[in-house]
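Listed here are the chains, written in short residue letters.
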Amino acid sequence: MGLSMLTALEIFTNPRDLEIIIGSDAGKYGFAITRGPGHDHKVMVETNVFAKTQEDAVEAIKGTLESICEALKRDFADLKSFPSQYLNPDGQEIDPSKVLNPDLINRIIDELRQHQVAGTYKMLAPAG
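A. Structural view of helix α4 (residues 102-115). The terminal C-alpha atoms of α4 lie 20 Å apart, and with 14 residues this matches the ideal 20 Å at 1.5 Å per residue to within 8%. Along α4, the positions that sit buried rather than exposed are Leu-104, Ile-105, Ile-108, Ile-109 and Leu-112. Along α4, the residues classed as buried sweep out an arc of 140 degrees about the axis, all on the same side. Residues of α4 that are exposed and point over 90 degrees away from its buried face: Asp-103 and Gln-114. Among the structural elements, β1 (18-25), α2 (54-77), β4 (117-119) and α5 (120-123) are those in contact with the buried residues of α4. Sitting at the amino-terminal end of α4 is Asn-101, which places a side-chain oxygen 3.0 Å from the backbone nitrogen of Asp-103.

Structural data, given as structure tokens:
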């Protein structure tokens, strides 16, 4: 699965507006990563069914999210990179709560294992 820089940026910089879904067909599993309802669940990543188990799909999602997180943190640290120049031209320290981060990835993975769906727009919704 190839992932464009713009898609990775959209996922990384919108941690409060994502939905990740595991689907199955003929005993195999695949997944989709979409924006939340505020963006009409726009599909950003979609796989065919490929995994033999739900846990294999969960691990693939975890690897995808961790790769995005690591790559974009590295890019933001490089002040000459496109993401840094475009989204952080002043070179400010990135607030982890405003981007995809390891804690959120763990919460997403826990939710997927239980329900096959994880909506960060629900997880991170303000109380009240």
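B. Structural context of the nonpolar core. Among the nonpolar cores identified, the biggest contains 30 residues, and Ile-11, Leu-100, Ile-108 and Leu-112 are the most heavily contacted of them. The element that contributes the greatest number of residues to this core is α2, accounting for eight residues. With residues near it in sequence (within four places) discarded, Ile-108 still touches Ile-20, Leu-65, Leu-100, Ala-118, Thr-120 and Met-123.

C. Quick peek at the packing of α2 against α4. As a packed pair, α2 and α4 sit with axes 10 Å apart at the nearest point and diverge in direction by 165 degrees. The pairing of α2 with α4 is recorded here as roughly antiparallel in orientation. For the pair α2 and α4, the sense of crossing is right-handed. Contact residues: Gln-54, Glu-55, Val-58, Glu-59, Ile-61, Lys-62, Leu-65, Glu-66, Cys-69 and Lys-73 in α2; Pro-102, Ile-105, Ile-108, Ile-109, Leu-112 and Arg-113 in α4. By residue class, the composition of the contact of α2 with α4 is nine nonpolar, one polar and six charged.

D. Representation of the packing of aromatic side chains within the structure. One pass over the full model with this rule turns up two aromatic pairs. Where Phe-12 meets Phe-76, the ring centres are 5.7 Å apart and the plane angle is 25 degrees; that geometry is what we call stacked. One end of the pair, Phe-12, is in helix α1 (residues 5-12); the other, Phe-76, is in helix α2, with 64 residues separating them in the sequence. Residue Phe-12 is classed as buried on the basis of its relative accessible area of 1%. Given the relative accessible area of 7%, Phe-76 is considered buried. Ring geometry for Phe-31 and Phe-50: centres 6.2 Å apart, planes at 70 degrees, overall edge-to-face. In this pair, Phe-31 sits in strand β2 (residues 28-35) while Phe-50 sits in the loop between β3 (43-46) and α2, placing the two residues 19 residues apart along the sequence. On the basis of relative accessible area, Phe-31 is assigned to the buried category, the value being 3%.

E. Examining the sheet that holds β4 more closely. Read from one edge of the open sheet, four strands run β3-β2-β1-β4, paired in antiparallel fashion. Each having just a single partner strand, β3 and β4 make up the two edges of the open sheet. Recorded for the sheet is a direction-independent mean angle of 15 degrees between the axes of neighbouring strands. Pairing of β1 with β4, which is carried by three bridges, proceeds in the antiparallel orientation. Note on β4: the bridge partner recorded for Glu-19 is Gly-119. Contacting β1 and β2, α2 runs over the sheet at an angle of about 35 degrees to β2. α4 contacts β1 and β4 of the sheet and is inclined by roughly 140 degrees relative to β4.

Reading guide: rules and limits
- Residues numbered from 1 in each chain as written.
- Predicted model: local features only at pLDDT ≥ 70, side-chain atom pairs only at ≥ 80, totals over all residues.
- Heavy atoms only, no water.
- Helix = DSSP H or I, 4+ residues; strand = E, 2+ residues; numbered from the N terminus.
- Expected span 1.5 Å × (residues − 1).
- Buried < 20%, exposed > 50% of the residue type's maximum accessible area, 1.4 Å probe, protein only.
- Arc of directions from axis to C-beta.
- Contact = heavy atoms within 4.5 Å.
- Polar contact = N/O pair within 3.5 Å; in protein donor to acceptor, adjacent residues only side chain to side chain.
- Core = buried A, V, L, I, M, F, W, Y, C linked by side-chain atoms within 4.5 Å.
- Axes fitted to C-alpha atoms, helices over the stretch in contact; angles between N-to-C directions.
- Parallel < 35°, antiparallel > 145°, perpendicular 65-115°, else oblique.
- Left-handed = near helix turned anticlockwise from the far one by under 90°.
- Nonpolar A, V, L, I, M, F, W, Y, C, P; charged D, E, K, R; others polar.
- Phe/Tyr/Trp six-rings, centres within 6.5 Å; stacked < 30°, edge-to-face > 60°.
- Pairing = 2+ DSSP bridges.

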